[in-house]
Amino acid sequence: AFLTARMGTAAMVRSPGRMREMLADSEKILLTLTEAADRDTLQSFHRRAKGVLEVRQNWSGCWERAESHFRESLQLQPTNSNALFFLGMVALQMGKPEDAVKFLRRSLLLDPDFRAGYVNLAIGYLRLGRHAEALKVSEAGSARHPDAPQPHYHVGIACYQLAIA
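Please read these numbers as outputs of a predicted model, since none were measured by experiment. (Residues numbered from 1 in each chain as written. Predicted model: local features only at pLDDT ≥ 70, side-chain atom pairs only at ≥ 80, totals over all residues. Heavy atoms only, no water.)

Caption draft 1: Structural view of the packing of aromatic side chains. Taken as a whole, this structure holds 3 aromatic pairs when the rule is applied. Aromatic side chains Phe70 and Phe86 sit 4.9 Å apart centroid to centroid with 10 degrees between the ring planes, which places their arrangement in the stacked category. Of this pair, Phe70 sits in helix α4 (residues 62–76) while Phe86 sits in helix α5 (residues 81–93), and the two are 16 residues apart along the sequence. We note that Phe70, like Phe86, is buried. Aromatic pair Phe85 and Phe114: ring centres 4.9 Å apart, planes at 80 degrees, arrangement edge-to-face. With a gap of 29 residues between them, Phe85 in helix α5 and Phe114 in the loop between α6 (97–110) and α7 (115–128) connect regions that are remote in the sequence. Residue Phe85 is classed as buried on the basis of its relative accessible area of 7%. In this structure Phe114 comes out as partly exposed when scored by relative accessible area, which is 26%. Counting every residue linked through ring pairs, the aromatic cluster contains Phe70, Phe85, Phe86 and Phe114. Across from the ring centre of Phe103, 4.7 Å away, lies the NZ or CZ of Lys102, which sits over that ring. (Phe/Tyr/Trp six-rings, centres within 6.5 Å; stacked < 30°, edge-to-face > 60°. Helix = DSSP H or I, 4+ residues; strand = E, 2+ residues; numbered from the N terminus. Buried < 20%, exposed > 50% of the residue type's maximum accessible area, 1.4 Å probe, protein only. Lys NZ or Arg CZ within 6 Å of the ring centre and 35° of its normal.)

Here it is as structure tokens:
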């Protein structure tokens, strides 16, 4: 089930229709699993994949629809750093930076090598006017990912905002 869902996710860019088919196939396989722990982990991945598909295919209004998939994913596996990240993205897109910061911080705690986590957490802090925290996160992101331009850009914005305050 995991492999089928994972392959469907990988095919998403080239063939969203194929991804839907593979997710439907993996859902059928999930119904046959008897071990709760295995089933919950696989269902968590499956729900997250459905949320990602929702965002990719239906840009207009997609975040609200995708949010339920990400919440289900997190409920099934509370340590799913990707579900936490996507819930942070939902919150950013819906104008809720406080919630975004909460989800993105938890995501980074679970996966401190994920560049997008640093980038979007800094955005959340910048939107809240918490420039010192944005600076700290951006410097940490820059240290882990020195070739990524976004953390450097956010350092500049945060430093400017702190200087004019």
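Let's pick the thread back up.
Caption draft 2: Summary view of helix α9 (residues 149–164). Over its 16 residues, α9 runs 23 Å from end to end, which matches the ideal 22 Å to within 8%, given 1.5 Å per residue. Of all the residues in α9, the buried ones are Pro151, His154, Val155 and Ala158. The buried residues of α9 occupy one face: seen down the axis, they fall within an arc of 110 degrees. Within α9, the exposed residues directed more than 90 degrees away from the buried face are Pro149, Tyr153, Tyr160, Ala163 and Ile164. (Expected span 1.5 Å × (residues − 1). Arc of directions from axis to C-beta.)

Caption draft 3: Here's a closer look at the nonpolar core. Trp63, Phe70, Leu74, Leu104, Leu121, Tyr125 and Val137 are the most contacted members of the largest nonpolar core, which totals 31 residues. Elements represented by at least two residues in this core include exactly α3 (36–57), α4, α5, α6, α7, α8 (131–144) and α9. Sorting elements by how many residues they give to this core places α5 first, with 9 residues. Setting aside residues up to four positions removed in sequence, Leu74 forms contacts with Asn80, Ala83, Leu84, Leu87, Phe103 and Arg106. (Core = buried A, V, L, I, M, F, W, Y, C linked by side-chain atoms within 4.5 Å. Contact = heavy atoms within 4.5 Å.)

Caption draft 4: Structural view of the pattern of salt bridges. All told, the structure shown has 4 salt bridges when counted by the stated rule. The salt bridge partner of Arg71 is Glu67, with a shortest N-O separation of 3.0 Å. Of the two residues, Arg71 and Glu67 are both situated in helix α4; the distance of 4 residues between them amounts to about one turn of the helix. Measuring nitrogen to oxygen at the nearest pair gives 2.5 Å for the salt bridge that ties Arg144 to Asp113. Of this pair, Arg144 sits in helix α8 while Asp113 sits in the loop between α6 and α7, placing them 31 residues apart in sequence. (Salt bridge = Lys/Arg side-chain N within 4 Å of Asp/Glu carboxyl O.)

Caption draft 5: Highlighting the environment of Phe85. For the pair Phe85 and Arg106, spaced 21 residues apart in sequence, the C-alpha to C-alpha distance is 8.2 Å. Residues within four places of Phe85 in sequence aside, it is in contact with Leu104, Ser107, Phe114, Ala116, Gly117 and Asn120.

Caption draft 6: Examining the side chain of His131 more closely. Looking at where His131 falls in the secondary structure, it is placed in helix α8. For His131, a relative accessible area of 17% gives the class buried. Setting aside anything within four residues of it in sequence, one finds His131 in contact with Leu126, Ala158, Gln161 and Leu162.

Caption draft 7: Geometry of the confidence of the model for the protein. Across the protein, the average pLDDT comes to 85, with 85% of residues at or above 70. Throughout residues 1–8 the model reports pLDDT below 50, and contacts reaching past four residues in sequence, or to other chains, amount to 17 contacts. (pLDDT = per-residue confidence, 0-100.)

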